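# Coordinate analysis (summary)
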Amino acid sequence: MKRVFLIVLDSLGIGEEPDALHFGDRDCNTMKRISEHPCYRNGHTRSIGLANIDGQEYLGPVERPTGAFARLRERSMGKDTTIGHWEIAGIFSPKPLPTYPDGFPKEVLDAFEKATGRKAICNKPYSGTEVIKDYGMEHMKTGALIVYTSADSVFQIAANEAVVPLETLYEYCRTARKILTGPHAVGRVIARPFVGDSPETFKRTPNRHDFSLTPPAPTMLDAISGAGKTVYSIGKIYDIFAGAGITEYVYTHGNTEGMQKTLEALDKDFEGLCFTNLVDFDMLYGHRQDVEGYAKAFAEFDAWLPTFIEKMRPDDVLMITADHGCDPGDDHTDHTREYIPLLMYGKNVQPRNFGTRTTFADIAATVCNYLGVPYECDGTVMDFSDKAISDELARAAVGAMKNAYVPYSHYTVGAALLTGDGVLYTGCNIENAAYGPTNCAERTAIFKAVSEGRTTLRMIAVAGGRDGAVEGLFPPCGVCRQVIREFADDDLPVLLVKSAEPLAYERVTLGDLLPYSFSPKFIQK
Ligand code: THU
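Because the structure is predicted, anything quoted here is derived from the model rather than measured.

Thresholds, definitions, all that
One numbering rule holds for all chains: residues counted from 1, following each sequence as written. Two thresholds apply to this predicted model, a pLDDT of at least 70 for residue-level local features and 80 or more for giving and counting side-chain atom pairs, whereas whole-chain, interface and lining totals are computed over all residues. Side-chain numbers here rest on the full set of heavy atoms in the structure, without hydrogens or water. A residue counts toward a patch only above 30% relative accessible area and without a salt bridge, and it is joined to like-charged neighbours within 9 Å or, for Val, Leu, Ile, Met, Phe, Trp and Tyr, to nonpolar neighbours within 5 Å. Surface accessibility in these figures is a Shrake-Rupley result with a 1.4 Å probe; residues are shielded only by whichever protein chains are displayed. Salt bridge, as used here, is a side-chain nitrogen of Lys or Arg placed within 4 Å of a carboxyl oxygen of Asp or Glu. Numbering of helices and strands runs from the N terminus; a helix is a DSSP stretch of H or I covering at least four residues, while a strand is a stretch of E covering at least two. Here the nonpolar core consists of buried residues drawn from Ala, Val, Leu, Ile, Met, Phe, Trp, Tyr and Cys, with membership extended through side-chain atoms lying within 4.5 Å. Classification of residues uses two cut-offs on accessible area relative to the type maximum, computed with a 1.4 Å probe and protein chains only: under 20% is buried, over 50% is exposed, and between them is partly exposed. Any two residues whose heavy atoms approach within 4.5 Å are treated as being in contact. A helix is expected to span 1.5 Å multiplied by its residue count minus one. Cavity: a set of points on a 1 Å grid over the protein atoms alone where a 1.4 Å probe fits but cannot get out. Pocket: an open set with protein on both sides within 12 Å along at least five of seven lines, its lining residues, like those of a cavity, having an atom within 4 Å of a point. Grid points are joined across faces, edges and corners, and a volume is the space filled by probe spheres set on the points. Each residue gets one label: Ala, Val, Leu, Ile, Met, Phe, Trp, Tyr, Cys and Pro are nonpolar, Asp, Glu, Lys and Arg are charged, and the others, such as Gly, are polar. For each residue, the test is whether any non-hydrogen atom lies within 4 Å of the molecule or strand; if one does, the residue is near. Polar contacts, as counted here, are pairs of nitrogen or oxygen atoms within 3.5 Å of one another; within protein the pair requires one atom able to donate a hydrogen and one able to accept it, and residues that are adjacent in sequence qualify only if both atoms are side-chain atoms. The rule for pairing is simple: two strands pair if DSSP sees at least two bridges between them. In this analysis an axis means a line fitted to C-alpha atoms, helices contributing only their contacting stretch, and an angle means the value between N-to-C directions, from 0 to 180 degrees. Any angle between 65 and 115 degrees counts as roughly perpendicular, while under 35 counts as roughly parallel, over 145 as roughly antiparallel, and the rest as oblique. In this scheme, a crossing is called left-handed if the near helix is turned counterclockwise away from the far one by less than a right angle; it is called right-handed if the turn is clockwise.

Residues Tyr405, Tyr408, Ile430 and Tyr435 make up a contiguous nonpolar surface patch of about 440 Å² in total accessible area. Tracing the sequence through the fold places Tyr435 in the loop between strand 16 (424–428) and helix 14 (441–451).

This is the structure:
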């Protein structure tokens with residue numbers, strides 16, 4: 001029973017994207033900002049690979065992260081929650097959701113007034129508490145609806161529950177939702193009911209309700225539930241997708257409850273996706289420029305991780321990511337155009353550095369690939385299975401043969417290795433007129449890695465044959481075996497390629513190739 005637990009740390013970006021300036025952002029990096037606060041802790045996320053993600057070196061990379069990881073760039077032209085989550089789920093948005101700094105255009109308001117039979121007043125960006133103070137009395141007298149917006153893509157309707165019954169207000173919102181399509185497809189229409197009979201006593205009620213925009217095309221959620229599997233939403237995921245493709249959901253009040261519900265989901269028997277949004281990072285700390293609160297919230301999440309991991313089943317995959325940035329220490333309170341992190345962990349996840357990706361949609365592709373659900377999107381699968389990574393290494397070894405410098409023997413050899421921190425290096429053999437200085441392919445690959453500070457191996461593949469052909473095994477020589485042993489233990493998988501097309505290899509261990517090996521431990525005190 002394969003399950004993916006995808007947790008979005010809302011707004012936890014990891015550094016500005018190349019086009020951040022177009023979005024009014026400079027020098028932003030949410031993760032780096034909070035990491036500078038003394039309350040910040042990252043012990044568990046760091047051991048999975050947080051500090052090994054491109055650009056996160058300032059956090060102190062580890063030698064052998066336990067998970068796979070990547071940095072993802074947003075391809076959509078937005079930096080909001082909706083567009084970020086939609087891209088994670090496979091949808092690319094070429095335009096940001098519309099905002100209305102000067103109020104909604106006449107055609108929108110006319111249609112709204114006609115459909116509801118009530119006038120609309122205000123029609124400006126406004127604070128939610130101020131707008132009822134300033135327009136509440138006029139609304140009470142005339143029955144006109146208070147329509148306002150904010151810096152976000154929202155159409156908000158405030159009405160006194162004594163003037164417009166709650167159900168009627170919700171009906172007006174549904175009406176607005178139908179009008180606000182095409183170029184005016186705002187992210188959310190929000191009902192903002194209040195009570196009281198004077199500006200001093202007006203008070204908003206908890207009956208606020210959001211009417212989200214339905215994603216314009218099927219997302220991975222539709223694909224997964226369409227394949228008969230569960231899509232369980234925790235927190236505001238349900239609203240972000242207007243419920244589309246979701247089979248079960250629960251709302252939460254903040255991070256602590258979101259983590260609790262996610263932990264409880266581990267005990268449910270289901271196949272599919274559990275999709276959680278932890279909103280406090282953004283709502284309570286990012287927008288409020290509260291670096292300390294943000295750092296503490298991350299420390300809380302990091303400390304919670306082992307509890308979750310301990311309960312994971314063998315076929316569970318945990319993915320931790322974000323949807324955009326909201327640097328709490330930059331020069332504005334808005335979201336920031338940032339890369340997002342991705343950490344993937346589980347028994348089926350072979351540690352691997354998947355580098356920097358060009359779209360968040362790689363997450364959708366990866367989730368669906370793991371669950372065995374067909375889904376067409378612009379994302380590329382990050383296949384973290386041992387089989388995929390073994391194949392990749394074997395193929396890379398064959399590929400590395402092409403640069404072999406072999407004017408004397410004509411035997412071309414290629415090697416590919418995966419380092420402890422999940423990076424792939426290749427090497428070829430390099431001969432010499434004096435014969436003796438010849439360097440084997442394995443050693444070329446190893447020395448490249450070691451010269452860049454990577455001194456542990458997870459796997460190595462070797463391929464070779466005369467003039468570029470692979471016609472059977474070409475096993476490492478004794479010297480190479482000894483050099484490999486310097487940087488790996490007896491259990492290191494060694495892939496001996498025996499055919500390139502179709503790809504075939506034997507999988508042995510270093511211990512098989514070099515029994516009773518001499519290793520650094522014999523000369524360590
Ligand atoms: N060779 C390797 O590259 N790796 C090995 O482990 C075995 C041998 C190369 C060295 C030389 O260039 C060619 O194969 C023929 O011996």
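Back to the write-up after that little detour.
Now for the nonpolar core. By size, the foremost hydrophobic cluster in this structure holds 85 residues, and its most contacted members are Met220, Leu273, Phe275, Phe298, Phe301 and Met319. No other element matches the eight residues that helix 11 (residues 291–311) contributes to this core. Those residues within four positions of Leu273 in sequence are excluded, and the remaining contacts are Val4, Leu6, Met220, Leu221, Ile224, Thr230, Val231, Tyr232, Val367 and Leu371.

Every α-helical turn comprises 3.6 residues, leaving residues that sit three or four positions apart pointing alike. In a regular helix each residue adds 1.5 Å, so 14 residues correspond to 20 Å; helix 6 (residues 166–179) covers 20 Å between its end C-alpha atoms and thus fits that length. The elements touched by buried residues of helix 6 are helix 4 (106–116), strand 4 (145–149), strand 5 (154–160), strand 6 (188–195) and strand 8 (209–212).

The computed volume of the largest pocket comes to approximately 1,800 Å³. Contributing to the lining of the largest pocket are 49 residues, with Asp152, Arg188, Arg208, Lys236 and Met283 lying nearest its centre. Breaking the lining of the largest pocket down by element, the ones donating at least two residues are helix 3 (81–88), strand 5, strand 6, strand 8, helix 8 (237–240) and helix 10 (280–286). Among the elements that line the lining of the largest pocket, the one with the most residues is helix 10, at four residues. The class makeup of the residues in the lining of the largest pocket is 15 nonpolar, 20 polar and 14 charged.

Moving on, we come to the pattern of salt bridges. Taken as a whole and assessed by the stated rule, the structure comprises 31 salt bridges. Between Arg188 and Asp210 there is a salt bridge, and its shortest N-O distance comes to 3.3 Å. Taken together, the positions of Arg188 in strand 6 and Asp210 in strand 8 put the pair 22 residues apart, joining distant regions of the chain. By relative accessible area, Arg188 is classed as partly exposed at 25%. Take Asp210: its relative accessible area is 14%, and that puts it in the buried class. In this structure, a network of salt bridges that share partners links the residues Glu17, Asp19, Arg73, Glu74 and Arg337.

Below, the discussion takes up the site of the ligand. Surveying the vicinity of the ligand reveals the residues Ser409, Tyr411, Val413, Asn429, Glu431, Thr438, Cys440, Ala441, Glu442, Pro476, Cys477 and Cys480. At a separation of 2.8 Å, an oxygen atom of the ligand approaches a polar backbone atom of Cys477. Starting from 370 Å² of accessible surface for the ligand in isolation, the protein chains cover 80%. Those elements that provide at least two residues to the shell around the ligand are strand 15 (411–419) and helix 14.

Peptide bonds are mostly trans, and most non-glycine residues show a negative phi. With an omega of 0 degrees, the peptide bond between Glu501 and Pro502 qualifies as cis. At Cys122, a residue that is not glycine, the phi angle is positive and equals roughly 80 degrees. Residue Cys122 is classed as buried on the basis of its relative accessible area, which comes to 14%. One non-glycine residue with positive phi stands out, namely Gln289, at about 55 degrees. Within the secondary structure, Gln289 sits in the loop between helix 10 and helix 11. The class of Gln289 is partly exposed, set by a relative accessible area of 26%.

In this section: the sheet that holds strand 15. With respect to topology, five strands assemble into an open sheet ordered 16-15-17-18-19, the strand pairing being mixed. The sheet terminates laterally at strand 16 and strand 19 (504–509), the two strands that pair on one side only. Strand-to-strand twist in this sheet, taken as the mean axis angle between neighbours without regard to direction, amounts to 20 degrees. Pairing geometry for strand 17 (residues 457–466) and strand 18 (residues 493–499), over three bridges, is parallel.

This part is about the sheet that holds strand 2 (residues 68–72). Spatial ordering of the open sheet is given by 10-9-11-1-12-13-2-14, a layout of eight strands whose pairing is mixed. Sheet topology places strand 10 (248–250) and strand 14 (353–357) at the edges, where each strand pairs with a single neighbour. Shown here is a sheet whose adjacent strand axes are inclined to one another by a mean of 15 degrees, direction ignored. In this sheet, strand 11 (residues 272–278) lies alongside strand 9 (residues 230–234) in parallel orientation, the contact comprising five bridges. The residue of strand 11 that forms the bridge with Ser233 is Phe275. Its contacts with the sheet place helix 9 (residues 255–265) against strand 1 (3–9), strand 9, strand 10 and strand 11, and it is angled at close to 165 degrees to strand 11.

Okay, the packing of helix 14 against helix 15 (residues 478–487) next. One way to put it is that helix 14 packs onto helix 15 with a least axis distance of 9 Å and a crossing angle of 25 degrees. On the basis of their axis angle, the class for helix 14 and helix 15 is roughly parallel. In this structure, the crossing between helix 14 and helix 15 has a hand that is left-handed. Facing helix 14, whose interface residues are Glu442, Arg443, Ile446, Phe447 and Val450, helix 15 presents Val479, Cys480, Val483, Ile484 and Phe487. In terms of residue class, the contact of helix 14 with helix 15 is made up of eight nonpolar, no polar and two charged.

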